[in-house]
Amino acid sequence: MSARQKIREYINSNLVVLDDEAEFEDADNIFQKGYVNSLFAMKLLNFVESEFQCKVDDSDIVISNFSSVDNIINLVKKKKDIEE
Amino acid sequence: MMDRDNFEKLMTEVKDFVNNKVRPFAGKFEEEEAVPLSLIKEMAERKYLAAPFPAEIGGLELDQVQYGLLTHEIGKGCPSVRALLTVHTSLVGQTLLRMANQEQKDKWLPLLAKGEKIAAFGLTEPDVGTDAKSVQTRYEKQGDHFVITGRKKWITYGHLADVFVIIARNEENVSAFLVERDRENLRTTPIKGLLASRAAYIAEIELNAVRVPEENVIGNLGQGFSYIVNTALDYGRYSIAWAGVSLAEAALEEMVKYARNRSQFGQKLYKFQLIHEMIANAVTKVQTAKSICLQAGEQRNNNADEAIMTTTIAKYYSSKIAMEVATDAVQLHGGNGCCNQYPVERLFREAKIFEIIEGTSQIQQEIISMYGLKKYNRK
Ligand SMILES: Cc1cc2nc3c(=O)[nH]c(=O)nc-3n(C[C@H](O)[C@H](O)[C@H](O)COP(=O)(O)OP(=O)(O)OC[C@H]3O[C@@H](n4cnc5c(N)ncnc54)[C@H](O)[C@@H]3O)c2cc1C
């Protein structure tokens, strides 16, 4: 599975709206859309660190780095070479 | 993680400490509305206040399961004493350990570990509770300082603490600050007339243009809710999950003692079938709640993805059964259960608090139900 797919799947499994109500593009801000709650911010940080085996820098722990699939990909790419 | 032999030794010591210095005096602490400072000092010397911290900053290196079991033992003795672990060690200490920068860790964690500084967590306000993201306490930048103004309410250990984590907003941005008690224009007032937690220095905090330097911001500016509050409340929920088990178990022990000693109709109470029902239910609830707390602890140790949800379920369930078991414990004691000569009267009042703090039961239900609607959806 590509990194993009893994991230999408992870977000999908944590939506606070039911699947058929939620559609999002890779550029969409999932927090602003209300698709995930703020508890998810910590989970997403853990997910990124464990799934991609990297440590997110303190200064990068800001919600905007995690708010869309695209932004998460960009964040991980700062740390690692990944197959999108 | 502490190795097994040392952990067993530690737990024996903790039980002795609780049985000799905490449990017999829980009623007295409540009457005097204070956990004695000498007891807090002793807990610090025994390193309990730093139980989950690494050894290099003075901790015992307990893993999450072990720390839960320690919280459980202390909680069985006195909820107000356990509350110090919840706020000082879990909500503030563990959050700093996870989210603070190196300078903040170096400065604060050794002081917290030794109990030289006591910490409290200031989120709730007179008009803002469950909807915590809407805090009204404001901050603004003035030169290289932030100026914070607002009021915090129900802050556990607030009247004793030397340092507070204060959550405040600037327009849409919510940030977390370390605010020392000795900053000018900060005042705490104890809250009287409480149902329970009377010995836990619960206070209101008034911040009237309190100036703190930039280095006191925890995490990144504007990220206080997503990362600091959520991290802290996750640790807090784990602590309260164990607190619920401990209270229920303490109430169950009182039930058993009373049922074996009190006689009516020429028989001990434990001979009556309806008493069996209460005891059987209490045993089942205590053991199931303990299992889910252990499961949450294991998941937390493994940094498992489900850990946050299991912790939420554990907090919801164990606070609910603590109330139920404490209610039955009073029932089993009859009139004596309504009098402070018996510990169940206090346990009954204390239990209610757990359904309210660290996210009320209704909010846990909201979170758990959404999780269930997805997880148990057969496709
Ligand atoms: C003993 C004690 C110690 C505490 N210690 C601390 C501390 O150290 N630090 C700190 O910051 N705070 C502390 N608190 C505050 C505590 O966290 C809050 O009381 C709690 O979050 C609830 O907020 P509230 O009291 O404003 O109730 P409200 O938020 O006003 O809730 C009132 C009722 O409405 C329900 N409700 C609210 N929103 C919803 C919803 N969306 N859906 C369904 N029901 C809803 C609630 O469940 C509750 O039943 C403490 C409180 C107590 C009693």
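That block above? That's the structure.
1. As for the overall build of chain A
Here is step 1 of the chain: For chain A, the count of helices and strands is three helices and zero strands.
Here is step 2 of the chain: When the helices and strands of chain A are read in sequence order from the N terminus, they spell out α-α-α.
Here is step 3 of the chain: Taken against the 2.2 N^0.38 rule, which gives 12 Å for 84 residues, the C-alpha radius of gyration of chain A at 12 Å falls within 12% of a compact globule.
Here is step 4 of the chain: Taken over 84 residues, chain A has a buried fraction of 49%.
Here is step 5 of the chain: Long-range pairs, those at least 24 residues apart, make up 47% of the contacts in chain A with a sequence separation of at least 6.
Here is step 6 of the chain: Accessible surface computed for chain A: about 4,300 Å², of which carbon and sulfur atoms make up 42%.
Here is step 7 of the chain: The centroid of the 10 positive side-chain charges in chain A is displaced by 6 Å from the centroid of its 17 negative side-chain charges.

2. Here's the deal with the pairing of strand 2 (residues 138–142) of chain B
Residue and element names in this part refer to chain B.
Here is step 1 of the chain: Where strand 2 meets strand 3 (residues 145–155), five bridges bridge the pair, whose relative direction is antiparallel. When the bridges of strand 3 are listed, R138 appears paired with T149.
Here is step 2 of the chain: Here strand 2 hands over to strand 3 after two residues, with G143 in that stretch at a positive phi of 65°.

3. Overview of the packing of helix 4 (residues 64–77) of chain B against helix 5 (residues 79–99) of chain B
All names here are of chain B.
Here is step 1 of the chain: Close contact between helix 4 and helix 5 brings their axes to 8 Å; oriented N to C, the two are set at 150°. One element, helix 4, and the other, helix 5, form an angle in the roughly antiparallel class. Counting all contacts with helix 4, which are made through Q64, Y67, L70, T71, I74 and G75, the residues of helix 5 involved are P79, V81, R82, L85, T89, S90 and Q94.
Here is step 2 of the chain: Tallied by class, residues from the contact of helix 4 with helix 5 come to six nonpolar, six polar and one charged.

4. Here we look at the interface of chain B and chain A
Here is step 1 of the chain: The interface is formed by 21 residues belonging to chain B together with 23 residues belonging to chain A.
Here is step 2 of the chain: Carbon and sulfur atoms supply 55% of the area that chain B and chain A bury against each other, a total of about 1,900 Å² over both sides.
Here is step 3 of the chain: Connecting chain B to chain A are one salt bridge.
Here is step 4 of the chain: A salt bridge links A:K43 to B:D305, with the shortest nitrogen-to-oxygen separation between them at 3.7 Å.
Here is step 5 of the chain: Taken together, the links from chain B to chain A amount to seven residue pairs in polar contact (both at pLDDT 80 or more).
Here is step 6 of the chain: In terms of residue count, the dominant contributor to the side of chain B that touches chain A is helix 7 (residues 224–261) of chain B (six residues).
Here is step 7 of the chain: When grouped by side-chain class, the residues that make up the side of chain B that touches chain A number eight nonpolar, seven polar and six charged.

5. A few points about the packing of aromatic side chains
Here is step 1 of the chain: Under the defined criterion, the tally for this structure stands at 14 aromatic pairs over all chains.
Here is step 2 of the chain: Ring geometry for B:Y139 against B:F146: centres 5.8 Å apart, planes inclined by 75°, an arrangement best described as edge-to-face.
Here is step 3 of the chain: Judged by its relative accessible area of 5%, B:Y139 falls in the buried class.
Here is step 4 of the chain: Of the residues examined, B:F146 reaches a relative accessible area of 4% and is grouped as buried.
Here is step 5 of the chain: Centroid distance B:F265 to B:F272: 6.3 Å. Interplanar angle 85°. Geometry classified as edge-to-face.
Here is step 6 of the chain: Accessibility expressed as a relative area gives 77% for B:F265, which makes it exposed.
Here is step 7 of the chain: Over the aromatic face of A:F24 sits the side chain of A:R8, whose NZ or CZ is 4.4 Å from the ring centroid.

6. Brief notes about the site of the ligand
All names here are of chain B.
Here is step 1 of the chain: Around the ligand sit 17 residues, and of these T124, T130, W154, T360 and Q362 come closest.
Here is step 2 of the chain: The separation between a nitrogen atom of the ligand and a polar main-chain atom of F121 is 2.8 Å.
Here is step 3 of the chain: Protein coverage of the free-state accessible area of the ligand, which is 970 Å², stands at 64%.
Here is step 4 of the chain: Going through the elements one at a time, strand 3 and helix 11 (361–375) are the ones with two or more residues in the shell around the ligand.
Here is step 5 of the chain: Counting residues domain by domain, the shell around the ligand receives three or more from each of domain 2 (120–220) and domain 3 (225–375).

7. Describing the pattern of salt bridges
All names here are of chain A.
Here is step 1 of the chain: This model, assessed by the stated rule, comprises 32 salt bridges over all chains.
Here is step 2 of the chain: R4 is the salt-bridge partner of D26, the closest N and O atoms lying 2.8 Å from each other. With D26 in the loop between helix 1 (3–13) and helix 2 (39–51) and R4 in helix 1, the pair connects residues that are 22 residues apart, well separated along the chain.
Here is step 3 of the chain: The buried category is assigned to D26, whose relative accessible area is 18%.

Each value, and the rule that gives it
Residues numbered from 1 in each chain as written. Chains lettered and ligands numbered in written order. Predicted model: local features only at pLDDT ≥ 70, side-chain atom pairs only at ≥ 80, totals over all residues. Heavy atoms only, no water. Helix = DSSP H or I, 4+ residues; strand = E, 2+ residues; numbered from the N terminus. Rg over C-alpha atoms; globule rule 2.2 N^0.38 Å. Buried < 20%, exposed > 50% of the residue type's maximum accessible area, 1.4 Å probe, protein only. Contact = heavy atoms within 4.5 Å. Areas by Shrake-Rupley, 256 points an atom, 1.4 Å probe, with all protein chains shown as cover. Lys, Arg positive; Asp, Glu negative; His and termini not counted. Charge placed at Lys NZ, Arg CZ, Asp CG, Glu CD. Pairing = 2+ DSSP bridges. Axes fitted to C-alpha atoms, helices over the stretch in contact; angles between N-to-C directions. Parallel < 35°, antiparallel > 145°, perpendicular 65-115°, else oblique. Nonpolar A, V, L, I, M, F, W, Y, C, P; charged D, E, K, R; others polar. Buried area = accessible area lost by both parts, 1.4 Å probe. Salt bridge = Lys/Arg side-chain N within 4 Å of Asp/Glu carboxyl O. Polar contact = N/O pair within 3.5 Å; in protein donor to acceptor, adjacent residues only side chain to side chain. Phe/Tyr/Trp six-rings, centres within 6.5 Å; stacked < 30°, edge-to-face > 60°. Lys NZ or Arg CZ within 6 Å of the ring centre and 35° of its normal. Near = heavy atom within 4 Å. Domains from an automatic or database assignment.

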